[in-house]
Amino acid sequence: MYKNWSNLYGNPKWFIDSKFGMFIHYGLYSVAARHEWIMTLEEIEETKYRRYFDNFNPDLFNPKEWAKLARENGFKYMVFTTKHHDGFALWDSKVTDYKVTNTPYAKDMLREVIEAFRAEGIKIGLYYSLIDWHHKDFTMDGYHPDRSRIDLEVEKKKDMKIYQEYIKSQMKELLTEYGKIDYLWLDFSYESKTWGDLKGKGKDDWDSENLEKLIIELQPNIILNDRLDLKRGVSTHEQYQRSKVDSNQKIIWEGCQSLNGSWGYHRDNDNFKTPEMLVKILVDTVANDGNLLLNIGPNGRGQIDEKSKELLFEVGKWLKLHQNSIYNSSGVEIQPPLDCRYTMNGNKLYLHIFSWPYRTLTLKNLPKKVKFAQFLNDYSEVKVIEAQVLNEKRKGESNLNNELKALHIKEKLDLNSIIIEIPVKKPDTLIPVIEIIFEEE
Ligand code: GLC
């Protein structure tokens, strides 16, 4: 049913059913507080970037709080940045000095994060950047912070083979010293990019085939994303929504979304999505058979800012009442009414209403007879008028009872359609959902 299922090594069922993951971007850039690409956006030299290393001391960092917040608000897995493009390792790596244990914080942050999230029953994903602006053998390209300070002598001496071995050594540490890792999120390939003589990087630069082999050898059940440039793995879309695809094209995919456009903590960026938009993104993703990986970027003290917490809380509050339509459910082929999204879970169809219509909605091409319909937020009945009943009554217009007359239904409906009657006032929840329970066959 999923085109790329066989490209994934582990069984992705847990992943497909989970639907909602928490992305956590944390690192030296959280101290700069101006986007996680700050080193290259401002072309900061290594010696200057060092100040974030020297001042890295998140005194209020409490991963148990992060993990509790994640569980309480419905997240089923997490993905934590073990190393971002700046090359800084958030664990006690033996192959570099550029690591968290050498900062004033001095502890293995990754271990603390993993333990806390596991304790809350959340699956563990690790983000690892293939790009590394700190490693001395990482060759120059147009994303590199030193791109306007190229020293050809230095470049000549660089050897990507050494860097490839470094990636493998770090991968061994990450995949052997922290127990079961459920998901590995490598970032990213840009093979086709060019900047004058400078070229982007892809599978030959990372030695992707061998790297992938090693990963599978170390963690045979791991789920891998698609950024190794091998054209397989979970497809990871960034900051946009996929449009509806037909079931032959169905792939395992994950949309990753930030709260405000930046992944790392960005103090002055107030471009936050609204809670309603976030719920819509989640629903739209699930209706299209994907997962949502929603990001937080804790600040230099290790805290999640109030605004982000509030947004997660609002999504979580909605999810608590509407989880039946999200977890373990999937998209449906039939076309929903305008401004609505369908998901299906077993014998139940879920109608998510993005824009509140007036009094009736017509649902067409339903696969079975409807037994009952109710709002998920309060389990209040929603009246269902079957096409058959309506058509029959219409044969003699006078037989149409007043109730139906008042709805002004003029359409002649196919027998597998129903009309549902909804209140004038939208239920008090971000996105109302109607659960439609079918008759068992
Ligand atoms: C990108 C960015 C990076 C971010 C990631 C999240 O590839 O380079 O900063 O971590 O996407 O999807």
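Residues numbered from 1 in each chain as written. Predicted model: local features only at pLDDT ≥ 70, side-chain atom pairs only at ≥ 80, totals over all residues. Heavy atoms only, no water.

Engineer: In this structure, what is going on with the domain arrangement of the protein? I would like to understand it.
Structural biologist: Many authors give the size of an interface as the accessible area that is lost as the parts come together. Structurally, the protein comprises domain 1 (5-325) and domain 2 (340-438). Put simply, the middle of domain 1 and the middle of domain 2, counted by C-alpha atoms, are 43 Å apart. Contact with domain 1, which involves 14 residues of that partner, is made by 15 residues of domain 2. For the domain 1 and domain 2 pair, buried surface summed over both sides reaches about 1,300 Å², with 64% attributable to carbon and sulfur atoms. Sorting the residues of domain 1 by area buried against domain 2 places His322, Asn324 and Ser325 first, and these three jointly supply 36% of that buried surface. Our count for the contact surface shared by domain 1 and domain 2 stands at one salt bridge. A salt bridge links Asp284 to Arg341, with the shortest nitrogen-to-oxygen separation between them at 2.5 Å. Residue assignment for the side of domain 1 that touches domain 2 shows that the elements contributing at least two residues are helix H11 (275-287) and helix H12 (306-322). Residue contributions to the side of domain 1 that touches domain 2 peak at eight residues, all from H11. Considered class by class, the residues forming the side of domain 1 that touches domain 2 number seven nonpolar, three polar and four charged. (Domains from an automatic or database assignment. Contact = heavy atoms within 4.5 Å. Buried area = accessible area lost by both parts, 1.4 Å probe. Salt bridge = Lys/Arg side-chain N within 4 Å of Asp/Glu carboxyl O. Helix = DSSP H or I, 4+ residues; strand = E, 2+ residues; numbered from the N terminus. Nonpolar A, V, L, I, M, F, W, Y, C, P; charged D, E, K, R; others polar.)

Engineer: Sorry if this is basic, but what is going on with the packing of helix H8 (residues 160-176) against helix H10 (residues 208-218) here?
Structural biologist: How two helices pack is summed up by the angle between their axes together with the distance between the axes. Between H8 and H10, the least distance of the axes is 10 Å, while the angle of their chain directions is 20°. With respect to each other, H8 and H10 are oriented roughly parallel. Judged by the twist between their axes, the crossing of H8 over H10 is right-handed. Residues Ile167, Lys168, Met171, Lys172, Leu175 and Thr176 of H8 form the contact with H10, whose own contacting residues are Asn210, Leu211, Leu214, Ile215 and Leu218. A per-class count over the contact of H8 with H10 returns seven nonpolar, two polar and two charged. (Axes fitted to C-alpha atoms, helices over the stretch in contact; angles between N-to-C directions. Parallel < 35°, antiparallel > 145°, perpendicular 65-115°, else oblique. Left-handed = near helix turned anticlockwise from the far one by under 90°.)

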